[in-house]
Amino acid sequence: MNPKAYSYIRFSSPEQSRGDSQRRQREAAAKYAEEHSLDLVLDNDYQFFDSGISAYTGKNVTDEGKLRRFYDYVKSGKIETGSYLLVESLDRLSREDVLIALPRFIDLLNEGVNVVTLADNIVYSKGADVPQLIMSIVHMARAHHESKLKGERVSKAWRKKQDYARETNVPLGNVCPYWLEFIDGEYVVNEEKAKVVQNIFKMTIDGYGQTSIVKHLNSNGVQVFGSVKRNKSGLWGNSSIAKILSNRSVLGEYQPMIHEQSKRRPNGSSIENYYPAIITQDMFYSASYARNQRRVGKVTNQTKNFNVWSKLIVCSKCRSPMHLVNKGRPPKGFKYLRCFASAKGACSVKLIRLEIAELAFREVLAMFNSLPLVKDNEKEARNKIMTLKWRISSLYKDLERFQEMMMVAPSITLSNAAAAKEEELHLCEAELERQNSELAKSTIFNKSDFFDRLDLESYEGRSAANLYLRNLGVQVRAGVNTLDHFFVAITDVKKPTAHFAIWIGEDLQPKFTPLSEAMTVNVINQGVLSNTRMVKTLKRQLPELLEATEGNGRGTITVDIDGLPEIEWVSNDMVKAKLLKSLGLDAKK
C-alpha cells in the first residue's frame, strides 16, 4: 500500500488568486505524487487550501487557516505516521520569525510526517541531519526577511500617501467606507447604503440594541455591506453594527492607520472633512451615549414592549435587582416585578404586580419633571445634552492620545491639533452647563396633560423614558408592606438620598411622601397635596405648615420604612396656601 500524500496550498494576495498560483501548486503536487508512488488524497475533508491568508502574521495556523486543521489531524491520528505533506516551498507553511516557525516545523517532523518542498524536491523527515535543518532555517529566515522588507516598503509608501492626503485632501482611491464610491477622482455617497447606516444610528438612539437591529435588517432583506468572501452568510451580525456605530468616517473623518509589530495604530490625528459626511455630530454622539448607557447597565434582553424598569429598580429589603416575570398563561396570567434574591429563596419580599409598577413609573417621571419626553423642543435639548456629554468624553480621550503621541514624536501639527481640541472642549463644557440650566427650568404643573402626551406604549417611547431616568442617575427601591406597595426614588446610588416615596394600594390611587423641599414643591405644583403624607423633618423646616396640621382632628398614623424618616399623614387640603407662602411661591401658580 502506497504512503498517503496531502497537498497544502496557500497564497495571501488577491492578485495571486486571479493568477496561476493555485493551478501551479496543485499540478506540482499531483506530479510529485505520481512520480514517487504516493496516493494523493483528494477527499474534500482533506483539502488544505488557504486563500488570502497571511503566513507572515501566522493566521494560517490559527482557527482561520486550514493548515491548523492539518496539524490537528496529525495530532489526532487522522493523518497517519509516514504520510507526506506536499508544499511548493517552506514559506507556504510560515513566514513568521524563525524562533516561532522552526519549533512548529520540527514538531511536525517528530510526528512522523515527511515534508516535501516541490520547488527543489527536498524531503524533510524525522531525524533529519544537521545540514538539512540548517537549510530549512535559511529558507525560513529568508522568507521572514522578505515579508518584513515588503511590509516596511508598503507601509512607507502608504504613509507617504496618507501624508499627501492630509496636506491636500486628495482621495486615496477605491479604499473608502462601504457607503461611499470612488467616481471620477472623488468620493460620492451611495444613497441606498447611506440610508441603511442612518437607520442604524436612529434605531440605536431610539433604544434598540445591536441584536434587535440585526434582526430588523436581516428580516427586511437589507443587503449586508462587504464582499461574499468576507461575509459568506450574507447576513448582518452584531460586529457589523458595532463597527458602523463606532466608525467616525460617517462624520467625514479619515483616520490614517499603520501597522507596527503586527498591530494597527493611528498615524497622527484624524483628517476632518475628508469624506462626505452622512451622519450629523449630534446623531453620532447621541448614538454613542445610548450605546454606552446600555453597556454600563448591561441592558441586553430585548422584549417587544421594553421593560421600563430595566436597571432602575432594586428590592427595598435586600437591594437586589428586580426583574420582570410572568405568572400563569394569558388571559388569566399576570406579570410581576420580582426580587432576584427572592427567586433564590434568599429574600422574603413579595412580588409587585406590573400594573401597579407601571402606574408608579408614570408618577416617578412626573416627580422628576420629565417634560423633555413630551415636548419636541425639550427632546432636542435632551439629545443635545447626551451629545455634549459623549463629545466631551471623546475629546478627553483625544487629548490623552495626543499627549502620548507628542511624547513619542513631538510636532507642530500635533500641537495645533491638541490646541484645537482643547478649545472645542471648553466650548462644549460651557454649552453643556447652559443646556442643563435651561432644561432645569422645566416644571410640570398639569400632570394629566403630561400623562396624556406621554408615550409609554411604543418601544421607542418606553426606551426613551427609561434612558431619561437613568441619565439622571435615578434608582428606585420597591417593596410591599401589609397595606401598600411603595416605591422610593433616590438619585445618588453611592450615597442614597431619598427624594420621595409613592404609595399605591389596591385602589390604585397613588399617595406621595416628599422627602425634600424640592419634591414638596412638585407635589404642590401638580395639585396632589390632598394625597400627600408629610415628613416631620419637613414640618420643622416649615413652621406654618406644622401649626396648620396640629389639631386637625385626624390624629397621627406612623409608618416604619427601612432607611427612611418617620412619616405622618397630612390630608388637609386647607394647608396648601400656607405651604405655598412658607416656600416663597406664588399661590396663583
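Here's what I pulled together on the structure shown here. (Residues numbered from 1 in each chain as written. Predicted model: local features only at pLDDT ≥ 70, side-chain atom pairs only at ≥ 80, totals over all residues. Heavy atoms only, no water.)

**Here we look at the packing of helix H12 (residues 354-367) against helix H16 (residues 459-471)**
For step 1, the next point in the chain: It is at 11 Å that the axes of H12 and H16 come closest, and there the two elements cross at 55 degrees. Considered as vectors, H12 and H16 are oriented oblique to each other. In this structure, H12 crosses over H16, and the sense of that crossing is left-handed. On H16, the residues that touch Glu358, Phe361, Val364 and Leu365 of H12 are Arg462, Ala465, Asn466 and Leu469.
For step 2, the next point in the chain: Its residues assigned to classes, the contact of H12 with H16 shows five nonpolar, one polar and two charged. (Axes fitted to C-alpha atoms, helices over the stretch in contact; angles between N-to-C directions. Helix = DSSP H or I, 4+ residues; strand = E, 2+ residues; numbered from the N terminus. Parallel < 35°, antiparallel > 145°, perpendicular 65-115°, else oblique. Left-handed = near helix turned anticlockwise from the far one by under 90°. Contact = heavy atoms within 4.5 Å. Nonpolar A, V, L, I, M, F, W, Y, C, P; charged D, E, K, R; others polar.)

**Some thoughts on the sheet that holds strand S13 (residues 334-339)**
For step 1, the next point in the chain: Pairing in this open sheet of three strands is antiparallel, and the strands run S12-S13-S14 from one edge to the other. Each having just a single partner strand, strand S12 (322-327) and strand S14 (352-353) make up the two edges of the open sheet. (Pairing = 2+ DSSP bridges.)

**Re the nonpolar core**
For step 1, the next point in the chain: Core analysis: the largest hydrophobic core is formed by 47 residues, its most contacted members being Trp309, Phe361, Leu365, Phe450, Leu469 and Phe487.
For step 2, the next point in the chain: Ranked by residue count, the leading element in this core is H12, at ten residues.
For step 3, the next point in the chain: Apart from residues no more than four positions distant in its own chain, phenylalanine 450 is found in contact with Leu365, Ala366, Ser370, Leu371, Val374 and Ile444.
For step 4, the next point in the chain: Leu172, Tyr254, Ala287 and Met386 belong to the second-largest nonpolar core, a separate cluster that totals 38 residues. (Core = buried A, V, L, I, M, F, W, Y, C linked by side-chain atoms within 4.5 Å. Buried < 20%, exposed > 50% of the residue type's maximum accessible area, 1.4 Å probe, protein only.)

**Observations regarding the pattern of salt bridges**
For step 1, the next point in the chain: Using the criterion set out here, one finds 13 salt bridges in the structure.
For step 2, the next point in the chain: The salt bridge partner of lysine 447 is glutamate 363, with a shortest N-O separation of 2.9 Å. With lysine 447 in helix H15 (residues 447-453) and glutamate 363 in helix H12, this residue pair connects regions lying 84 residues apart in the sequence.
For step 3, the next point in the chain: Taking the relative accessible area as the measure of exposure, lysine 447 reaches 10% and is therefore buried.
For step 4, the next point in the chain: Its salt-bridge partner being arginine 391, residue glutamate 424 comes within 2.7 Å of it at the nearest N-O pair. Within this pair, whereas glutamate 424 is found in helix H14 (residues 412-439), its partner arginine 391 is found in helix H13 (residues 376-408), the two being separated by 33 residues in sequence.
For step 5, the next point in the chain: Here glutamate 424 falls in the partly exposed class, since its relative accessible area comes to 22%.
For step 6, the next point in the chain: We classify arginine 391 as buried; its relative accessible area is 4%.
For step 7, the next point in the chain: When salt bridges with common partners are traced through the structure, they connect Asp45, Arg69 and Lys78 into a single cluster. (Salt bridge = Lys/Arg side-chain N within 4 Å of Asp/Glu carboxyl O.)

**Here's the deal with unusual backbone geometry**
For step 1, the next point in the chain: You will see that asparagine 121, though not glycine, has its phi angle at about 60 degrees, which is positive.
For step 2, the next point in the chain: Structurally, asparagine 121 can be placed in the loop between strand S5 (114-117) and strand S6 (122-124).
For step 3, the next point in the chain: In this structure, asparagine 273 takes a positive phi of about 55 degrees despite not being glycine.
For step 4, the next point in the chain: With respect to the helices, strands and loops of the structure, asparagine 273 is situated in the loop between strand S10 (263-266) and helix H10 (281-297).
For step 5, the next point in the chain: Overall, asparagine 273 belongs to the exposed group, its relative accessible area being 62%.

**Side note on H16**
For step 1, the next point in the chain: The end-to-end C-alpha distance of H16 is 18 Å, a good match for the 18 Å that 13 residues give at a rise of 1.5 Å each.
For step 2, the next point in the chain: For H16, the complete set of buried residues consists of Tyr459, Gly461, Arg462, Ser463, Ala465, Asn466, Leu467, Tyr468, Leu469, Arg470 and Asn471. (Expected span 1.5 Å × (residues − 1).)

**Brief notes about the packing of aromatic side chains**
For step 1, the next point in the chain: Scanning the model with the defined rule gives 23 aromatic pairs in all.
For step 2, the next point in the chain: Taking 5.1 Å as the distance between ring centres and 65 degrees as the angle between the ring planes, the aromatic pair formed by phenylalanine 225 and tryptophan 236 counts as edge-to-face. Linking phenylalanine 225 in the loop between helix H8 (210-219) and helix H9 (238-246) with tryptophan 236 in the loop between H8 and H9, this pair joins segments that are eleven residues apart in sequence.
For step 3, the next point in the chain: The class of phenylalanine 225 is buried, set by a relative accessible area of 9%.
For step 4, the next point in the chain: Between tryptophan 309 and phenylalanine 487 the ring centres are 5.8 Å apart and the planes differ by 20 degrees, which places this aromatic pair in the stacked class. Remark: phenylalanine 487 occurs in strand S16 (residues 485-490) and tryptophan 309 occurs in the loop between H10 and strand S11 (313-315); sequence separation between them is 178 residues.
For step 5, the next point in the chain: Phenylalanine 487 gets classed as buried once you look at its relative accessible area, which sits at 1%.
For step 6, the next point in the chain: One aromatic cluster in this structure is built from Tyr6, Tyr46, Phe48, Phe70, Tyr71 and Tyr73. (Phe/Tyr/Trp six-rings, centres within 6.5 Å; stacked < 30°, edge-to-face > 60°.)

**Section: the side chain of serine 320**
For step 1, the next point in the chain: Following the sequence through the fold, serine 320 ends up in the loop between S11 and S12.
For step 2, the next point in the chain: Apart from the residues lying within four places of it in its own chain, the contact partners of serine 320 are Val314, Cys315, Cys339, Phe340 and Ala341.

**Topic: the pairing of strand S15 (residues 475-480)**
For step 1, the next point in the chain: With five of six residues buried, S15 is to be regarded as a mostly interior element.
For step 2, the next point in the chain: Relative to S15, S11 runs parallel, the two being bridged by three bridges. Bridge pairing links valine 314 to arginine 477 in S15.
For step 3, the next point in the chain: Of the pairings in the sheet, the one linking S15 to S16 comprises six bridges and is antiparallel in character.

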